[in-house]
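The residues making up each chain are set out below.
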Amino acid sequence: MPIVRQRARRAFVLAASVLAVLSGHIAAASTATAIATSVAAAAAATAPAPAAAAATAQAAAPAAGRAGDWRTTIREFAAQHFKNPAWGYSHCQRDYALARELAAADHAKLDDDVLYAAAYLHDMAAFAPWEKEKVDHADQAASVVDTILKGTGFPMAKIDAVRGAIRTHMFDRDPVGAEALYLHDADALDWLGAIGVARIIALVDPRGGPPDGPRAVAMLEDNLAHVPSRVLSPAGRARVEPRKAELERFLKELRQESEDLRTL
């Protein structure tokens, strides 16, 4: 499934290191680090001063929701705060929907409370004020997600399962449990196919800063090389080849139409 201000330094945050991913021969861990670094740089531009971070986070926390209405509270919170074309609110929506589709295809039972909370909040630490320098955005989000869910009506007895699903949502990590597995696969698939292209191209700086067009292509090629093998569920693997072929076709035609990227 289901790109920021910080996509922390590893898994999967995209800017200087990530945007330096110029070879399809870089290891999968390198790809995740690249994406994380890009997010970190984008976040740095808008991050609040350290002294004000705690107060800002507290102010940004959602208001207490009505019992049983926590989903609306969290959805509206995500729509308000997660603004990024690659890993923002729309990505959360896609991850949740696709994870449910994959689980249904595999006849797997999910705790939908856990999946919903994890899907809508898994990238929260790619944004100010929740990001933390030198901490992977997945690890940081898992650490602070309780501060968002507490008081909304979410059943807090399930918080550890939410943390686990968030912590392993990036394609280079190993999920444990159904909710973690299907969120992980939905998030990985969202890097492939037409949507994978749209997410990366949307990050290109129109003013010529990083990433530029060729570097965005390098990132797409790196995703193509390393993401497919990390989709783990039966239903997820069944979706890999069509999305992989779509991305391959796009990259081939782009090279043909841009003199092998020289005129991109």
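One structure accompanies this document, and this report is about it. Here the structure is a predicted model, which means the values were calculated and not measured.

With that out of the way, let us pick up unusual backbone geometry. Residue Pro129 is bonded to the preceding Ala128 through a cis peptide linkage, with omega at 5°. By the element assignment, Pro129 lies in the loop between α6 (112-121) and α7 (137-149). In this chain, Pro210 is followed by Pro211 through a cis amide linkage whose omega measures -5°. By the secondary structure assignment, Pro211 is in the loop between α10 (193-201) and α11 (213-226).

Once that is clear, we can look at the packing of helix α4 (residues 70-81) against α6. In a packed pair of helices, the relevant descriptors are the angle between the two axes and the axis-to-axis distance. Relative orientation of the contacting elements α4 and α6 amounts to 15°, with a least axis distance of 9 Å. Taken together, the axes of α4 and α6 are roughly parallel relative to one another. Handedness of the crossing formed by α4 with α6: left-handed. Contacts between α4 and α6 pair Trp70, Arg71, Ile74, Arg75, Phe77 and Ala78 from the former with Asp112, Asp113, Tyr116, Ala117, Tyr120 and Leu121 from the latter. Per-class residue counts for the contact of α4 with α6 are eight nonpolar, no polar and four charged.

With that out of the way, let us pick up the environment of Val231. Tracing the backbone through its elements, the reader meets Val231 in the loop between α11 and α12 (234-257). For the pair Val231 and Phe171, spaced 60 residues apart in the sequence, the C-alpha separation amounts to 7.2 Å. In this structure Val231 touches Asp185, Ala188, Leu189, Gly236, Arg237 and Val240, once residues within four positions along its chain are discounted.

The rules behind each value
- The numbers attached to residues start from 1 for each chain and follow its sequence in the written order.
- Side-chain atom pairs in this predicted model are given and counted only at pLDDT of 80 or more, local residue features only at pLDDT of at least 70, and totals for whole chains, interfaces and linings cover all residues.
- Here the side-chain values reflect all heavy atoms present in the structure, with hydrogen atoms and water set aside.
- Secondary structure counts use DSSP, requiring at least four H or I residues in a row for a helix and at least two E residues in a row for a strand, with both numbered from the N terminus.
- Simply put, an axis is a line fit to the C-alpha atoms, just over the touching stretch for a helix, and the angle between two N-to-C directions goes from 0 to 180 degrees.
- Roughly parallel refers to an angle under 35 degrees, roughly antiparallel to one over 145, roughly perpendicular to one between 65 and 115, and oblique to any angle outside these ranges.
- Note: crossing handedness is left-handed where the near helix turns anticlockwise from the far helix by less than a right angle, and right-handed where it turns clockwise.
- Residue contacts follow a heavy-atom distance rule, with two residues in contact if any of their heavy atoms lie within 4.5 Å.
- Under the scheme applied, nonpolar residues are Ala, Val, Leu, Ile, Met, Phe, Trp, Tyr, Cys and Pro; charged residues are Asp, Glu, Lys and Arg; polar residues are all the others, including Gly.

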